[in-house]
Amino acid sequence: MNSEERNETIEQIRETVRRVSEEFDGEYWRACDRERQYPKAFVEKLTELGLLASLIPEEFGGSGLPISIGAEILKAIHEFGGNAGACHAQMYTMGTVLRHGSDDQKQTYLPQIASGDLRLQAFGVTEPTAGTDTTSISTIAVRDGDEYVVNGQKVWTSRAEHSDLMVLLARTTPKDQVKKRTDGLSVFLVDMREVIGKGMTIKPIRTMVNHSTTEVFFDDMRIPVSSLIGEEGKGFRYILSGMNAERILVASESIGDGRYFVRKGSDYARERMVFGRPIGQNQGIQFPIARAFADVEAAEAILDKACSMYESSDPRTGTYANMAKMLASEAAWEAGDICMQTYGGFSMAEEYYVERKFREARLYRIAPISTNLILSFLAEHELDLPRSY
């Protein structure tokens, strides 16, 4: 795809998302947030338009587009007032199947994911006691003939109640029996339809944002050996490639949020009259908004580089994917704070559609990885400083 074709594709995507956002407007999202409802109709619309299958190769029924285009889709959803958290996981979890799955797994599942017949939205990695120390997870999968028996627990597994499939990380070799702490971890593609109520229990967690997150319990859950993705014990490497995609795509959502806040703040600052003049004429209002604009644009430049490196399999992709996530989430949060200040007391009112986005933007300074973990990664791997944890 040359630059002209890319720009044309992005423009078409933005126009498509803009039309979708008119159908699923602020009132729709406010109702979903108030009732803590999954935005099913919105997800179905994106599926119908093929947007959620954009990164799936054409041979499996998708569009075969690069991650940079996937990022533009999510960016536009957030810029026009929506939230892609209900469905973004499909873009990065399916990459684990695509890159490391067997031919049978790809042929069986990817076409159905592309068509929307199956949803792959659940990513079972984080655990209550391990947190971001992924190598210390305790969920274990033990081989028993033609099956694995899984026991353990996951937390912050978003969209599990609305997914047919789950990419699950579990230990197949205890940590004290491996040479490297990253060894002995395996990835499975679990057909949740076969195991809910039969070893898998899902419990929703109510949070400050409508993110449909849950904790998932495994109690002697039996899954076929064919569920294993790639080679047993090598799953940590498979998950890392998915995590880089996750950080890139989440960063794109934050860029969209930042643009939303800058636009909303600027529009209000031009229209709101106090002391006989628009408040945007005051430097105390316009300078912070201008700074937020600059910070969002700068973060997007790092995001663009991360996308390019991911698409070329650059070994430093992890560095730029993490930086993009950190910088974009911080720029969005700052833009949101400035937007709130600009609106003043009205920012607290649901009808102005600022407070919901403000709450949602805060999430990405914590998830899927915290700012401090990113800084420690950069210090160790880019600056050659001693590991801090």
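Anything mentioned here points back to the structure above.
Worth saying up front: this structure is predicted, and the values here are computed from it rather than measured.

Asks: Describe the overall build of the protein, listing the residues and the values that go with them.
Replies: Assigned secondary structure in the protein consists of 12 helices and 10 strands. Taking 21 Å as the expected radius of gyration for a compact globule of 389 residues, we find that the protein reaches 21 Å, a close match to that expectation. Along the first, second and third principal axes, the C-alpha atoms of the protein reach 80 × 50 × 45 Å. Counting only residues that meet the buried cut, the protein has 53% of its 389 residues in that class.

Asks: Can you lay out the pattern of salt bridges for me, pointing to particular residues and giving the numbers?
Replies: Across all of its chains, the model carries 24 salt bridges by this definition. The salt bridge involving R359 is made with D33; its shortest N-O contact spans 2.8 Å. Highlighted residues: R359 in helix α11 (residues 355–363) and D33 in helix α2 (residues 26–35), separated in sequence by 326 residues. The burial state of R359 is the same as that of D33; both residues are buried. Across the pair D144 and R222 runs a salt bridge, and its minimum N-O distance is 3.0 Å. Highlighted residues: D144 in strand β2 (residues 140–144) and R222 in strand β7 (residues 214–224), separated in sequence by 78 residues. Overlapping salt bridges, with partners in common, bring together R14, E72, K75, E79, R259 and E300 in one network.

Asks: Got a sec to walk through the pairing of β7? Specific residues and values, please.
Replies: Where strand β3 (residues 147–155) meets β7, 8 bridges bridge the pair, whose relative direction is antiparallel. The partner of E147 across the bridge, within β7, is P224. As paired strands, strand β6 (residues 200–204) and β7 are joined by 5 bridges and run antiparallel to one another. Paired with P204 across the bridge in β7 is T214.

Asks: Before we move on, can you summarise helix α4 (residues 67–79) with the specific residues and values?
Replies: The α-helix winds at 3.6 residues per turn, so residues separated by three or four positions along the chain end up facing the same way. The end-to-end C-alpha distance of α4 is 18 Å, a good match for the 18 Å that 13 residues give at a rise of 1.5 Å each. Most of α4 is tucked away: 13 of the 13 residues are buried. The positive-phi residue at the C-terminal boundary of α4 is G81, with phi of around 100°.

Asks: Can you explain the side chain of R159? Please cite residues and give values.
Replies: Within the secondary structure, R159 sits in the loop between β3 and β4 (165–171). Within the buried core, R159 has no salt-bridge partner, and the shortest N-O distance to an opposite charge, that of E246, equals 6.5 Å. A polar side-chain atom of R159 sits 2.9 Å from the main-chain carbonyl oxygen of G85. Once residues lying within four places of it in the same chain are set aside, the contact partners of R159 are Y38, G85, A86, C87, H88, A89, Y92, Q121, H211 and S212.

Asks: Please provide a residue-by-residue account of helix α5 (residues 89–100), values included.
Replies: Between the first and last C-alpha of α5 there are 17 Å, a value that for 12 residues agrees with the 16 Å anticipated at 1.5 Å per step. For α5, the tally of buried residues reaches 10 of 12 residues, placing the bulk of the element in the interior. Buried residues of α5: A89, Q90, M91, Y92, T93, M94, G95, T96, V97 and H100, and no others.

Asks: Break down the packing of aromatic side chains for me, citing the residues and quoting the values.
Replies: The way to describe two aromatic rings as a pair is by their centre distance and the angle between their planes. Taken as a whole and assessed by the stated rule, the structure comprises 11 aromatic pairs. Look at Y260 and F261: their rings are 5.8 Å apart centre to centre, the planes differ by 75°, and that puts the pair in the edge-to-face class. Accessibility assignment for this pair places Y260 and F261 in one class, buried. Judged by centre distance (5.8 Å) and plane angle (70°), the ring pair of Y343 and Y352 falls under edge-to-face.

Here is what the cut-offs are and how they apply
- Residues numbered from 1 in each chain as written.
- Predicted model: local features only at pLDDT ≥ 70, side-chain atom pairs only at ≥ 80, totals over all residues.
- Heavy atoms only, no water.
- Helix = DSSP H or I, 4+ residues; strand = E, 2+ residues; numbered from the N terminus.
- Rg over C-alpha atoms; globule rule 2.2 N^0.38 Å.
- Buried < 20%, exposed > 50% of the residue type's maximum accessible area, 1.4 Å probe, protein only.
- Salt bridge = Lys/Arg side-chain N within 4 Å of Asp/Glu carboxyl O.
- Pairing = 2+ DSSP bridges.
- Expected span 1.5 Å × (residues − 1).
- Lys, Arg positive; Asp, Glu negative; His and termini not counted.
- Polar contact = N/O pair within 3.5 Å; in protein donor to acceptor, adjacent residues only side chain to side chain.
- Contact = heavy atoms within 4.5 Å.
- Phe/Tyr/Trp six-rings, centres within 6.5 Å; stacked < 30°, edge-to-face > 60°.

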